[in-house]
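# Fold and geometry: a report
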Number of protein chains: 2
Amino acid sequence: MTYLLGIDVGGSGSRVALRRAAWVRDVSDVSAAPDASRLELLGDRIGVTAEGSTVPDAVLALIERAAAEWPDEFAAVEGVGVGATGLATLVERPADLVAAVERAFARLAPGRSVGVAVAIDAVTGHLGALAGEGGVVVALGTGAIAFGTDCREVWRRVDGWGHLLGDRGGAAWIGLRALDAAVRAHDGVDPAGAALLEAARARFGEVLTWPSQLYTRADRAGVLAGFAADVARVAEGGDPVASAIIAEAGAEAARSAIAALDPALPGRVAATGGVFGAGGGVAAAFARALAAARPDVELVAPAGDPLDGALILAERAAAAEVTTHVPYVWANR
Amino acid sequence: MTYLLGIDVGGSGSRVALRRAAWVRDVSDVSAAPDASRLELLGDRIGVTAEGSTVPDAVLALIERAAAEWPDEFAAVEGVGVGATGLATLVERPADLVAAVERAFARLAPGRSVGVAVAIDAVTGHLGALAGEGGVVVALGTGAIAFGTDCREVWRRVDGWGHLLGDRGGAAWIGLRALDAAVRAHDGVDPAGAALLEAARARFGEVLTWPSQLYTRADRAGVLAGFAADVARVAEGGDPVASAIIAEAGAEAARSAIAALDPALPGRVAATGGVFGAGGGVAAAFARALAAARPDVELVAPAGDPLDGALILAERAAAAEVTTHVPYVWANR
């Protein structure tokens, strides 16, 4: 019996999953069902400091915890797949992370050869949502990215630039725009944001304290994203400013999906991430905008999440089927 | 002969000035002309880290340098005025900064009693621009704030919330919106930002490197603001997207000024800060928007800069004419 380890590191938390390697591909073989032995551990959210991203620390901490939690299975791991936010832009050399994972296994499971692949979270999200098939996956979590790929020839990334440069339609983006409207109401510049001001005060306290709560935090994107759930609730209550922000988030996601849809890919799009499920109407606005602009494209339900994708990546890494493709995926075989 | 020390700490640099106390108010007395003995030292730009703002460090460093540079005059200082960015929101207790300045003088000029006042930079900007008179001053530097005050009864602050929450129309705000347009062009979402993409590449290099240049920097507002000059140049070249951002910056500043114009204040507005002088049309757009909304308000040229205002604050502190008014000004007398 051999095992696969999948790790998903995101702005709002990180997870590790272990499952039996489904080498027997016959779905009638219940013992090989992918989720039969899947376990999850939750880790910390990721921050960005003057020293760079904390992604490598988070990955190695989750590996340590997996080794402690599942000692027998860990010793039989054949493949590790890691999907991480901001990997390509914030981690100095992602190949070093591959090597660090290898070293961790050499220490924790000596004498074992392990296939390792690390990828940006858009790749693992894609693998999970389309079950390894080609097409576009748009992910709205804390951040936002659309990725059009077949994981072989075509690699078209759109957005994923973080809360200052883009992440259009993501939770931090929603939170930022809602706080802008709230502050305008507070300043007496535009009263339209009054309901959002009330919601923001309920979450963050008095306006004068907001800058010190935000600018001094390494995980400010996560703080901003936390407000998106309140915005969805205010929108559901009928507030026009909150509703417009939510609708625009869906429209932004549709624009990104369309830009990622390389003509060489199947006309297939899946929408993933907490923002689509959080209510308030982002999913409906996205579907409307996509259908209006590209009626030929099929919107499919996601087959799995980024952690499923990390396990698919782990399986391919174990079989030496992953080729390094900078700046999306890095493998050791 | 006694002296005044003024300190201006901003997002893009900090300065200290020394001048003779103009106790003889007769303008025909040339020896008492305010700028006759004014000297300036430049300090570092301010950053925000997980430990909070670096404002207190910058202030104390400039005091040390002033004492070293001007030993004789420093020993005869009677009043210190400090204007600092983000003081009210990012410095834990501004009153502690007053005490720290007092302690620095007790060490560097022992036995001397010094009047100390520290204020948010909007107050020193106001004192400088309107020469101590009442009205509204809107400042567009790295950040943006409008302040309506008579420095006695009326205190109406609008904006100054930093690059994530507001600073509408400031240089970081301009830089952020321009980078948004540039990234949309890069992503294939909207080609309209092509000229801004070219300008941003010339400044920051390839797009994939932008997040690591931005998110890991403590002075990210300064980095964003640095791009505003390029945006103004692209706008002057006729690019419609850059021109729209510049025009909207002026309109935002006008909205803030109007919101700050308490009915109890004289209908007088001054526009200050590097953005107004940087070309591209912000000043013209501001004047147009202000005149359209409030034709009754007089737009006046600034009499002086925030460092002049810090010296006026120092003069009032020396004369015990400054009363602490949280969260705008803190004094030791």
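In this text, all values refer to a predicted model and were calculated from it rather than measured experimentally.

### Some thoughts on helix α4 (residues 94-108) of chain A
All names here are of chain A. Between the first and last C-alpha of α4 there are 21 Å, a value that for 15 residues agrees with the 21 Å anticipated at 1.5 Å per step. All of the buried residues along α4 are P94, L97, V98, A100, V101, A104 and F105. With its buried residues spanning 165 degrees around the axis, α4 presents them on a single face. Looking at α4, the residues exposed on the side facing more than 90 degrees away from the buried face are R103 and R107.

### Structural notes on the packing of aromatic side chains
Two aromatic rings, taken as a pair, are described by how far apart their centres are and by the angle between their planes. Here the structure, examined in full by the defined rule, presents 14 aromatic pairs over all chains. Taken together, the ring pairs connect F147, W155 and Y328 of chain A into an aromatic cluster.

### Comments concerning the relation of the copies chain A and chain B
One copy of the chain maps onto the other through a rotation about an axis followed by a shift along the same axis. Least-squares fitting of chain A to chain B yields an RMSD of 0.0 Å, with the superposition described by an axial translation of 0.0 Å and a rotation of 180 degrees. Considering both components of the superposition, the chain copies are consistent with a two-fold axis. A share of 100% of the interface residues of chain A reappears at the interface of chain B, consistent with the copies meeting face to face through the same patch.

### Details of the interface of chain A and chain B
Counting residues at the interface gives 38 residues for chain A and 38 residues for chain B. For the pair chain A and chain B, the summed buried area comes to about 3600 Å², and 66% of that belongs to carbon and sulfur atoms. In terms of surface lost to chain B, no three residues of chain A exceed L164, L165 and Y215 of chain A, which account for 23% of the buried area on that side. Inspection of the region where chain A meets chain B yields four salt bridges. R184 of chain A is paired through a salt bridge with E252 of chain B; the nearest N and O atoms lie 2.6 Å apart. At the junction of chain A and chain B, the tally comes to 18 residue pairs in polar contact (both at pLDDT 80 or more). With seven residues, helix α6 (residues 171-187) of chain A is the largest single contributor of residues to the side of chain A that touches chain B. Within the side of chain A that touches chain B, the residues separate by chemical class into 19 nonpolar, ten polar and nine charged.

### Describing the pattern of salt bridges
Residues and elements named next belong to chain B. Counting across every chain of the model gives 38 salt bridges over all chains. A salt bridge links R156 to D262, with the nearest nitrogen and oxygen atoms 3.1 Å apart. With R156 in strand β10 (residues 155-159) and D262 in the loop between α12 (240-260) and β11 (268-272), this pair connects stretches of sequence that are 106 residues apart. With a relative accessible area of 18%, D262 lands in the buried category.

### Structural notes on the environment of L214 of chain A
Relative to the helices and strands, L214 of chain A is located in helix α8 (residues 210-214). Residue class for L214 of chain A comes out buried when judged on its relative accessible area of 4%. In this structure, the C-alpha to C-alpha distance between L214 of chain A and L224 of chain A, residues ten residues apart in sequence, is 8.1 Å. Excluding residues within four positions of it along the chain, L214 of chain A makes contact with R220, V223 and L224 of chain A together with L164 and L165 of chain B.

### What to know about the packing of α6 of chain A against helix α11 (residues 240-260) of chain A
All names here are of chain A. For the pair α6 and α11, the least separation of the axes is 10 Å and the interaxial angle reads 150 degrees. Between α6 and α11, the angle falls in the class roughly antiparallel. Seen from above, α6 lies across α11 with right-handed handedness. Each of W173, I174, R177, A178 and A181 in α6 lies in contact with α11, whose residues at this interface are V241, I245, I246, E248, A249 and E252. Looking at the contact of α6 with α11 residue by residue, the classes come out as eight nonpolar, no polar and three charged.

### So, the sheet that holds strand β9 (residues 144-149) of chain B
Residue and element names in this part refer to chain B. The strand order β10-β9-β8-β11-β12 describes an open sheet built from five strands, whose pairing is mixed. Looking at the sheet topology across the chains shown, the edges are occupied by β10 and β12 (298-300). Pairs of neighbouring strands in the sheet enclose a mean axial angle of 20 degrees, with direction left out of account. Of the pairings in the sheet, the one linking β11 to β12 comprises three bridges and is parallel in character. Across the sheet, residue V269 finds its bridge partner in β12, namely L299.

### Some words on the sheet that holds strand β9 (residues 144-149) of chain A
All names here are of chain A. Ordered in space as β10-β9-β8-β11-β12, the five strands form an open sheet in which the pairing is mixed. Taken across any chain shown, the strands that pair with only one partner, and hence form the sheet edges, are β10 (155-159) and β12 (298-300). Strand-to-strand twist across the sheet, computed as the mean angle between neighbouring axes with direction ignored, equals 20 degrees.

### Some details on the pairing of β11 of chain B
Residue and element names in this part refer to chain B. Burial analysis of β11 places four of its five residues in the buried class, the great majority of the element. As paired strands, strand β8 (residues 135-140) and β11 are joined by four bridges and run parallel to one another. Residue V136 lies in a different strand from β11, and its bridge partner there is V269.

### Things to note about the packing of helix α1 (residues 55-69) of chain A against α4 of chain A
The packing of two helices is summarised by the inter-axis angle and the distance between the axes. Residues and elements named next belong to chain A. Interaxial distance between α1 and α4 falls to 11 Å at its minimum, and their mutual angle equals 20 degrees. In terms of orientation, α1 and α4 fall into the roughly parallel class. Seen from above, α1 lies across α4 with right-handed handedness. Two secondary-structure elements touch here, α1 through V55, P56, V59, L60, I63, E64 and A67 and α4 through L97, A100, V101, A104, F105, R107 and L108. In terms of residue class, the contact of α1 with α4 is built from twelve nonpolar, no polar and two charged.

### Examining the nonpolar core
Judged by nonpolar contacts, the single largest core of 118 residues is most densely connected at I174, W210 and F286 of chain A together with I174, W210 and F286 of chain B. Not counting the four nearest positions on each side in its chain, F286 of chain B is found in contact with V138, G250, A253, A254, A257, V269, A271, F276 and L299 of chain B.

### Looking at unusual backbone geometry
With the exception of glycine, most residues fall at negative phi, and the peptide bonds are largely trans. Residues and elements named next belong to chain A. Put simply, V326 and P327 share a cis peptide bond, and its omega is 5 degrees. Tracing the backbone shows P327 in the loop between α14 (306-318) and β13 (329-331). A positive phi is found at D159, a non-glycine position, where the angle reads about 70 degrees. Secondary-structure assignment places D159 in strand β10. You can call D159 buried: its relative accessible area is 1%.

### Some words on the pairing of β8 of chain B
Among the six residues of β8 of chain B, five are classified as buried, and the element is accordingly described as predominantly covered. Remark: three residues form the turn of the hairpin made by β8 of chain B and β9 of chain B, two consecutive strands paired antiparallel.

The rules behind these values
Residues numbered from 1 in each chain as written. Chains lettered and ligands numbered in written order. Predicted model: local features only at pLDDT ≥ 70, side-chain atom pairs only at ≥ 80, totals over all residues. Heavy atoms only, no water. Helix = DSSP H or I, 4+ residues; strand = E, 2+ residues; numbered from the N terminus. Expected span 1.5 Å × (residues − 1). Buried < 20%, exposed > 50% of the residue type's maximum accessible area, 1.4 Å probe, protein only. Arc of directions from axis to C-beta. Phe/Tyr/Trp six-rings, centres within 6.5 Å; stacked < 30°, edge-to-face > 60°. Least-squares fit on C-alpha atoms with pLDDT ≥ 70 in both. Contact = heavy atoms within 4.5 Å. Buried area = accessible area lost by both parts, 1.4 Å probe. Salt bridge = Lys/Arg side-chain N within 4 Å of Asp/Glu carboxyl O. Polar contact = N/O pair within 3.5 Å; in protein donor to acceptor, adjacent residues only side chain to side chain. Nonpolar A, V, L, I, M, F, W, Y, C, P; charged D, E, K, R; others polar. Axes fitted to C-alpha atoms, helices over the stretch in contact; angles between N-to-C directions. Parallel < 35°, antiparallel > 145°, perpendicular 65-115°, else oblique. Left-handed = near helix turned anticlockwise from the far one by under 90°. Pairing = 2+ DSSP bridges. Core = buried A, V, L, I, M, F, W, Y, C linked by side-chain atoms within 4.5 Å.

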